[in-house]
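# Descriptive analysis of the structure
Each chain is listed here by its residues.
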Amino acid sequence: MQRIEAQEFFHVPVLSREVIEGLAVRPGGHYLDATVGGGGHSRLILAAAADIQLTAIDQDEDALAAAQKQLAEYGERVQFTLSNFAAYQFTSNTFDGILADLGVSSYHLDRPERGFSFRHTADLDMRMDKRQPLTAADVINEWDETELAEIFFKYGEERLSRRIARRILEKRPLHTTTELAEAIAASVPPKYRYGRIHPATRVFQALRIVVNDELKSLETFLEKAPNALVPGGRIAIISFHSLEDRLVKHSLRNSPSLQVLTKKPIIAQEEEIANNPRSRSAKLRIAERKEEQLPWSRGR
């Protein structure tokens, strides 16, 4: 397989100023970019203060290779690990800040062979980690009608989930992204078919979430990450749809070791949205690790 060039993966990091301010990046700090992607946010963190150490992880080998090229000038100050952030081995009191950008990258949508988008004809794949066995084709062609309708409704918030699932069973086997998109479009009323968004959008979101076990991975990450912060360290999470944002909101709020700093999520300003339309749906939430109480300062 031909390795992509770093600039092909690089995309404009969303809410970049807000992330750096929110993490309160300080000289000599150690930071974790849990979804390094093309390295855009990591570069900003490294440039924000002197002597920053950064751990960069990603489950996509293409992303990690691109980040290594993007951040090569920082040498041994950056450590790279191929891992899903839920599987990463956290150790306590390690990081001054942790960042996770949960959005699917423009690279994934624009590379037809990855199968994330119905704008191009490609195999139904959608795996972030190409080492895993389950693909979108497996789900579409092997799961029963009830299971498909349930995931379309639960993870895509698709109100016509049953109708779409029924049509998929009539049309399968479906092998390509465009075959699936056409089957979905043909199953919905004309008003829905020609609406503001393509009728396949929510189904493709649901498939991506299921194939990559995204919400369970996020839940696991949010349980483990807070204890890896030093007291006073901060965690910043950028989400792009309501299912993720809801999970982030409640996990940060319910963590006994965190103090939430964002009562409402931080969103992109009009100038950023004009320059980067992808930022329109981004929501940033930030929390801080509470200072550890000394035994004698606790209430009786």
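Residues numbered from 1 in each chain as written. Predicted model: local features only at pLDDT ≥ 70, side-chain atom pairs only at ≥ 80, totals over all residues. Heavy atoms only, no water.

Let us now look at the confidence of the model for the protein. On average, the protein scores 90 in pLDDT, and the residues at 70 or more come to 90%. Below pLDDT 50 for its whole length, residues 1-7 participates in 16 contacts with residues either more than four positions away or in separate chains. (pLDDT = per-residue confidence, 0-100. Contact = heavy atoms within 4.5 Å.)

This part takes up the pattern of salt bridges. Applying the stated criterion across every chain, the model contains 13 salt bridges. The salt bridge involving Arg234 is made with Glu288; its shortest N-O contact spans 2.9 Å. Separated by 54 residues along the polypeptide, Arg234 in strand β5 (residues 229-239) and Glu288 in strand β8 (residues 283-289) bring together distant segments of the chain. (Salt bridge = Lys/Arg side-chain N within 4 Å of Asp/Glu carboxyl O. Helix = DSSP H or I, 4+ residues; strand = E, 2+ residues; numbered from the N terminus.)

This paragraph deals with the UniProt feature "binding site: S-adenosyl-L-methionine" (unreviewed entry) in the protein. In the numbering adopted here, UniProt assigns the feature "binding site: S-adenosyl-L-methionine" (unreviewed entry) to Gly39, Gly40, His41, Asp58, Phe85, Asp101 and His108. The buried category is assigned to His41, whose relative accessible area is 6%. Setting aside residues up to four positions removed in sequence, His41 forms contacts with Pro13, Val14, Val19, Asp33, Leu99, Asp101 and Ile238. (UniProt positions renumbered as here; feature names shortened; annotations may be inferred. Buried < 20%, exposed > 50% of the residue type's maximum accessible area, 1.4 Å probe, protein only.)

Next up on the list: helix α4 (residues 61-70). Within α4, seven of the ten residues are buried, which leaves it mostly tucked inside the rest of the structure. Its side-chain oxygen 2.8 Å from the backbone nitrogen of Asp62, Asp60 forms the N-cap of α4. (Polar contact = N/O pair within 3.5 Å; in protein donor to acceptor, adjacent residues only side chain to side chain.)

The next point concerns the side chain of Glu272. By the secondary structure assignment, Glu272 is in helix α14 (residues 270-275). One buried charge, Glu272, has no salt-bridge partner; the nearest side chain with opposite charge is Arg17, at 6.9 Å. Setting aside its immediate chain neighbours within four residues, Glu272 contacts Pro13, Val14, Leu15, Glu18 and Ser279. (Lys, Arg positive; Asp, Glu negative; His and termini not counted.)

On to the packing of aromatic side chains, then. Inspection of the entire model under this criterion finds four aromatic pairs. Geometrically, the ring pair formed by Tyr88 and Phe90 is edge-to-face, given 5.0 Å between the ring centres and 85° between the ring planes. Classification of Phe90 as buried rests on a relative accessible area of 17%. Ring geometry for Phe90 versus Phe221: centroids 6.0 Å apart, planes at 45°, classification tilted. Highlighted residues: Phe90 in the loop between β3 (78-82) and β4 (95-101) and Phe221 in helix α12 (residues 214-224), separated in sequence by 131 residues. With respect to burial, Phe90 and Phe221 carry one shared label: buried. Among the aromatic residues, those joined into a cluster by ring pairs are Phe85, Tyr88, Phe90 and Phe221. (Phe/Tyr/Trp six-rings, centres within 6.5 Å; stacked < 30°, edge-to-face > 60°.)

Turning our attention to the pairing of strand β1 (residues 30-33). Residues in a regular strand project their side chains so that they alternate between the two faces of the sheet. The pairing of β1 with strand β2 (residues 53-58) spans four bridges and is parallel. The partner of Leu32 across the bridge, within β2, is Thr55. In this fold, the crossover linking β1 to β2 by way of helix α3 (residues 40-48) has right-handed handedness. One ladder, built from three bridges, connects β1 with β4; its direction is parallel. (Pairing = 2+ DSSP bridges. Right-handed = clockwise from strand over helix to strand, strands pointing away.)

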